[in-house]
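So the chains spell out like this:
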Amino acid sequence: MGLTDPSKRLEAIPPYMFAELERRVADKRAAGIDVISLGIGDPDMPTYPHVVEAMQGAVAENANQKYPSNRGREEFRQAFAGFYGRRFGVEIDPESEVIPAVGAKECIYNLSFAFLDPDDVALAADPGYPPYTAGPLLAGAETVLMPLVPELGFVPDLDGLDPVAASNARLMFINYPNNPTGAVVPDGFFERVVELAREHEILVVHDNAYSETTYDGYVAPSFLATPGAKEVGVEVFSLSKGFNMTGWRCAAILGNADAVSSYWRLKTNIDSGLFEAVQLAGVAALEGPHEPVEQMNAIYARRRDLVVDALRAIGVEVTPPKGTIYIWAPVPEGHTSTSFAELMLEEAAVVVSPGSMYGPSGEGFFRISLTTPDERITEAVERMREHLGN
Ligand SMILES: Cc1ncc(COP(=O)(O)O)c(C=O)c1O
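Computed from a predicted structure; not experimentally measured.

## Remarks on the overall build of the protein chain
Step number 1: For the protein chain, the count of helices and strands is 14 helices and 13 strands.
Step number 2: A compact globule built from 390 residues should have a C-alpha radius of gyration of about 21 Å, and the protein chain, at 21 Å, falls within 12% of that.
Step number 3: Taken over the C-alpha atoms alone, the protein chain extends approximately 60 × 55 × 55 Å along its principal axes.
Step number 4: Within the span of the protein chain, comprising 390 residues, buried residues form 56% of the whole.
Step number 5: The contacts in the protein chain between residues at least 6 apart in sequence include a share of 76% that link residues at least 24 apart.

Put into structure tokens, the structure is as follows:
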């Protein structure tokens, strides 16, 4: 073993996909190439002014500059309880059923450390957000992938789950509206998840990162609104995407009180909580007007239509998503996900994410993020048309 060799667990994790892509894009830009990134889903529009103002006031207060507690401020927990009641019709006890997280990514990783031992299994959506697989691996456990079936509306075939994996599973990671497929939850799916979780005693983690980013009148539910969900699950709610707050690291875990409490216990050993000024900004976001969210969704919907039309014009079959900031499309004939993404980067200087980055079932697809200003999206699809069109 060398002095600086990382642990075997860390070695087992593939490098975080976007880190590698960012490095290559930086090299190209340094060489003077105008690369347009439709890769990472980081909203280009600013955080809403009332949220920034709340932060500006809060950050100047000496009382907010101290160590926070991992339990979170009363106002923060109350604001989440209020939001879940109004928005989702879900009753949350602010005393026991919600605490802050330093972004959903942190929370998803740490849930693996809170609930998995070596030899335990976590079930993870495939394709899926990478921490669903990297978290369990880092915790020394095993991940069993649940392929999302396009014909079922991009949900896993729960009836076809390997019975051994199901009986060894302790955690299940799911996410709707879904990254990367853009799918929204089909009727009855959450109910079936609750049934399965009860049968096999699996703690369900529903990652609700995109519920506020929806189109065409679709309103996304919370998993916790499903009868029995709170007995078997938690939901991670991030303010990153719906409120343009990716840099703020503001999220919460809600639901099953025992699970929330175990996460809290773990977190007291790991970090010192979410900056209180950020918590107060989060309160302003949750309690503020919903119009800015709707205005932003109108902009995403316009970009979505633009990309869908352009892809269809060059023969790529694509369904306009009802939610998320992503278009999930099949790669043209004769390409793999990676060869297509390489072609786009090298020939058109456009970054798209190869579907295989999100798991083996993502092979044959690519993902486009709508978080780039309209004129740059237009330019990017023009370049794609130039290199692919007949
Ligand atoms: C499904 C999903 N969950 C969570 C996150 C990250 O959320 P946060 O910024 O709160 O860590 C992302 C970001 O792309 C995501 O796609």
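From this point, things continue past the structure.
## Some thoughts on the pattern of salt bridges
Step number 1: Going through the model one piece at a time under the given rule, you end up with 24 salt bridges.
Step number 2: Where Asp44 meets Arg303, a salt bridge forms, and the shortest distance between an N and an O atom there is 2.9 Å. Taken together, the residues Asp44 in the loop between β1 (36-37) and α3 (49-59) and Arg303 in helix α12 (residues 291-313) connect sequence positions 259 residues apart.
Step number 3: Judged by relative accessible area, Asp44 falls into the partly exposed class, the value being 31%.
Step number 4: Under the relative-accessibility criterion, Arg303 is labelled buried at 3%.
Step number 5: Its salt-bridge partner being Lys267, residue Glu106 comes within 2.8 Å of it at the nearest N-O pair. Here Lys267 lies in helix α10 (residues 257-267) and Glu106 lies in helix α5 (residues 104-115), a separation of 161 residues in the sequence. Each member of the pair, Glu106 together with Lys267, is buried.
Step number 6: What you see here is one network of salt bridges that share partners, running through Arg24, Lys28, Glu342 and Glu346.

## Quick notes on the pairing of strand β6 (residues 169-174)
Step number 1: Across the six residues of β6, five count as buried, placing the element largely inside the fold.
Step number 2: Pairing between strand β3 (residues 121-126) and β6: four bridges, direction parallel. Looking across to β6, one finds that Ala122 is bridged to Leu171.
Step number 3: Pairing of β6 with strand β7 (residues 203-208), which is carried by four bridges, proceeds in the parallel orientation. Bridge pairing in β7 links Phe173 to Val205.

## What about the sheet that holds β6?
Consider a sheet: its strands pair through backbone hydrogen bonds, and that pairing is either parallel or antiparallel.
Step number 1: The eight strands are arranged β2-β9-β8-β7-β6-β3-β4-β5 in an open sheet whose pairing can be described as mixed. Because the sheet does not close on itself, it has two edges, and the strands there are β2 (98-101) and β5 (155-156).
Step number 2: Pairing of β7 with strand β8 (residues 233-238), which is carried by five bridges, proceeds in the parallel orientation. Across the sheet, residue Asn208 finds its bridge partner in β8, namely Phe237.
Step number 3: Each of β5, β6 and β7 is contacted by helix α8 (residues 189-200), which is oriented at about 170° to β6, the strand it contacts most.
Step number 4: In the packing of α10 onto the sheet, contacts are made with β2, β7, β8 and β9 (251-255), and the angle to β2 comes to roughly 35°.

Procedures and definitions
- Residues numbered from 1 in each chain as written.
- Predicted model: local features only at pLDDT ≥ 70, side-chain atom pairs only at ≥ 80, totals over all residues.
- Heavy atoms only, no water.
- Helix = DSSP H or I, 4+ residues; strand = E, 2+ residues; numbered from the N terminus.
- Rg over C-alpha atoms; globule rule 2.2 N^0.38 Å.
- Buried < 20%, exposed > 50% of the residue type's maximum accessible area, 1.4 Å probe, protein only.
- Contact = heavy atoms within 4.5 Å.
- Salt bridge = Lys/Arg side-chain N within 4 Å of Asp/Glu carboxyl O.
- Pairing = 2+ DSSP bridges.
- Axes fitted to C-alpha atoms, helices over the stretch in contact; angles between N-to-C directions.

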